[in-house]
Amino acid sequence: MPIQVLLPKVASQIAAGEVVERPASVVKELVENSLDAEASHIAIYVEGGGRRLIEVGDDGSGIPAEELHLASVRHATSKLFSADELFQIRTLGFRGEALASIGSVSRLCITSRASGESTGARLVVEGGHADPVQRVGAAQGTLVRVQDLFFNVPARLKFLKKEATERRVIDELVTRYALAYPRVRFHLHQEGNLTLQSSGNGDRREVLAALYGVDIARQMLEVLANYEAVNITGFISPTSMSRSNRREITIFVNGRWIQDPALTSALIQAYHTLLMVGRFPLAVLFIDITPELVDVNVHPAKAEVRFRDRDRVFSAVQRAVRRALMAYTPVPPLGGWTAGGDAFQNSWVAKSGWPDESLGGDSIIGSQVATSAQAGWNGAPPLSATQKDITSSRVPLLRSIGQVASAYLVAEGPDGLYLIDQHAAHERILFERFREQRKQAVARQSLLEPAAIDLPPASARLLEEQLPLLTALGFQVEPFGMNTFLVRAIPALIAGSDPAVALRSLVEDFEEDETPFQTEMEARVIARICKRAAIKAGQTLSGEEQRALLVDLENCQSPRTCPHGRPTMIHLSVDLLERQFGRKGAR
Ligand code: ADP
Ligand code: MG
């Protein structure tokens, strides 16, 4: 193909991709504009995870009607006139690209009335095409409405995550801005529900409570330090509180949320040996530094900055964090935040919303168990030990009868009949065994030949983050180029399975829900491994195998549910059988 100059429409769509990557980027740009306009109240409405609608309204300075037609023109800005000013920038915007980019990939409508003007004006842009500005009545301030984001860029749409994920990212974004600008009142509505609001009273700890909950907000340590041109404020977690990833670390530089891995590492290093390997602090840090010492123009989405004297900033961060940490005597962990032991079980149950295993899971099964306790074993008075077993979540001793449909085991217990789902039961058995093993070292099986697996970049990053976890669970995986990994060993439990398939399915779990609870993640990964390793439905078991499975199940702590919370067994009590056959208490 010959060299050609791109059509303006194509060029602007390409450029838009740098600024508008996902719905949250639109929210970010619009909120930044409102902040630049010195709004005291910003209201955000999101529908369809931001794909259908993003609306940001403010009571800021507004856009004069005769300038409105320029708002969506690329490189049109009221915030910068010459390149020298780049180093004195005090506004968040300056590139004049956001509205142009958003307008080229959505249906954009800006309604605004500038202070001092008697009427407002409206500009409508659809897929980069702007209609003439119209005069309309409007309150002072600006209302920007973005509908059908990426409607004309189907390729982009394909890259969007699930609506729930986009919603969460928007939630996090707005919360962070609310924290950074405590004097501004924020409202966020998602799908018609108010999901976040700040009072604008200037109290950061109050906003912190909205982000992490009251308990955590109360425990967070305040950072307050000033070193020459660098001012550092914010909150960091005490050493007793940590996360499995860096996602809870937020850094603002001069009011701008930036994602700078090096700066983040500097902060983490300040915790030094105070955190366990693979654990990260929570932090919201605001670094204020003379604008001349920061280059903000290194990234189209302004997510990165460059410091003139990096080391100075890094060491200021470390000193500030260290000082805050040392000012408080570390409190030993109470068990809620560390891995292993009870915390494991607790967060596993409480956080996942699965039935409390200690109650025996399914309530129908539970009530049958309760009534059956009185009936006894073949009419004989129940042994106290047996009774205890029945009423607790343990299963009683079972006598194997046989297998049905190569999927269910039939067994007789002290009170009636048990139907057992062989796959679910085996999953439970393996899960508890694995968890037991996990306390020491998980048996692994080295592969004769390491398997290489390629992942999409986002998945690769997720996997990278979870490498310590995978290692702890018996995998030996190492990065091998940007998005490729070498699997050298897998847990012995799934010896013989395809390592690439196994690993991919785990990555899916990481993607599903970026939960901050490592214990939960760990439980999920173990459950996944066990699912893979467990006997499948359709597998015929010998009498010996059936008996072994029952014995193993009897020895489980929580035999009545599989690790995913589904029942492993159905119990038909003698009482129930008698009723069903009309022998007793016809109802
Ligand atoms: P930038 O923020 O980099 O200047 P934008 O494309 O985001 O570029 O906005 C273009 C211009 O539109 C801004 O410079 C500002 O003058 C005006 N503008 C946008 N949003 C608002 C708003 N909410 N209130 C007042 N003026 C706004
Ligand atoms: Mg802007």
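Residue positions are given per chain, counted from 1 along the sequence in the order it is written. Lettering of chains starts at A and numbering of ligands starts at 1, both following the order in which they are written. The predicted origin of the model limits local features to residues at a pLDDT of at least 70 and limits the giving and counting of side-chain atom pairs to 80 or more, whereas totals for whole chains, interfaces and linings rest on all residues. The basis for every side-chain value is the complete set of heavy atoms in the structure, and neither hydrogens nor water enter the calculation.

Draft legend 1. Focus on the packing of helix α14 (residues 422-438) against helix α19 (residues 543-554). α19 packs onto α14 with a crossing angle of 50 degrees between their chain directions and a minimal axis gap of 10 Å. One way to sum up the angle between α14 and α19 is to call them oblique. By crossing handedness, the relation of α14 to α19 is classed as left-handed. Two secondary-structure elements touch here, α14 through Gln 422, Ala 425, His 426, Arg 428, Ile 429 and Arg 433 and α19 through Leu 549, Asp 552 and Leu 553. Residue classes follow a fixed rule: Ala, Val, Leu, Ile, Met, Phe, Trp, Tyr, Cys and Pro count as nonpolar, while Asp, Glu, Lys and Arg count as charged, and any other residue, Gly among them, counts as polar. Counted by class, the contact of α14 with α19 contains four nonpolar, two polar and three charged residues. Geometry is summarised by axes, namely lines fitted to C-alpha atoms with helices restricted to the contacting stretch, and by angles between N-to-C directions that run from 0 to 180 degrees. Runs of E in the DSSP output that reach at least two residues are strands. Runs of H or I that reach at least four are helices, and both are numbered from the N terminus. Put simply, angles under 35 degrees are roughly parallel, angles over 145 are roughly antiparallel, angles from 65 to 115 are roughly perpendicular, and the rest are oblique. Left-handed describes a crossing whose near helix is turned anticlockwise from the far helix by less than a right angle; the clockwise case is right-handed. Contact definition: two residues touch when any of their heavy atoms are within 4.5 Å.

Draft legend 2. Local environment of the site of ligand 1. Near ligand 1 you find 19 residues, and of these Asn 33, Thr 77, Ser 78, Lys 79 and Gly 96 are the closest. Between ligand 1 and Asp 58 there is a distance of 2.8 Å, counted from a nitrogen atom to a side-chain nitrogen or oxygen. One nitrogen or oxygen atom from the main chain of Ala 98 is found 3.3 Å from an oxygen atom belonging to ligand 1. Here the accessible surface of atoms and residues is derived via Shrake-Rupley with a 1.4 Å probe, and residues count as covered only by protein chains that are part of the display. When isolated, ligand 1 has an accessible area of 530 Å², and the protein chains bury 93% of it. Looking at the shell around ligand 1, the elements that each hand over two or more residues are α2 (23-36) and α4 (98-104). Nearness is judged by heavy atoms alone; a residue qualifies as near a molecule or strand once a single heavy atom is within 4 Å of it. In protein, a polar contact means a hydrogen-donor-capable atom and an acceptor-capable atom, both N or O and within 3.5 Å, with residues adjacent in sequence counting only if both atoms are side-chain atoms; elsewhere, any N or O pair within 3.5 Å suffices.

Draft legend 3. Summary view of the sheet that holds strand β13 (residues 256-258). Strands qualify as paired when DSSP identifies two bridges or more between them. Taken in spatial order, the five strands line up as β10-β11-β14-β12-β13 in an open sheet, and their pairing is mixed. Taken across any chain shown, the strands that pair with only one partner, and hence form the sheet edges, are β10 (221-227) and β13. Going across the sheet, the axis of each strand differs from the next one's by a mean of 20 degrees, ignoring polarity. Of the pairings in the sheet, the one linking strand β12 (residues 249-253) to β13 comprises three bridges and is antiparallel in character. When the sheet's bridge partners are listed, Ile 251 is paired in β13 with Ile 258. Where helix α9 (residues 261-271) meets the sheet, its contacts fall on β11 (230-236), β12, β13 and β14 (283-289), and the angle it forms with β12 comes to roughly 125 degrees. Packed on one face of the sheet, helix α10 (residues 310-326) meets β10, β11 and β14 and runs near 140 degrees to β10.

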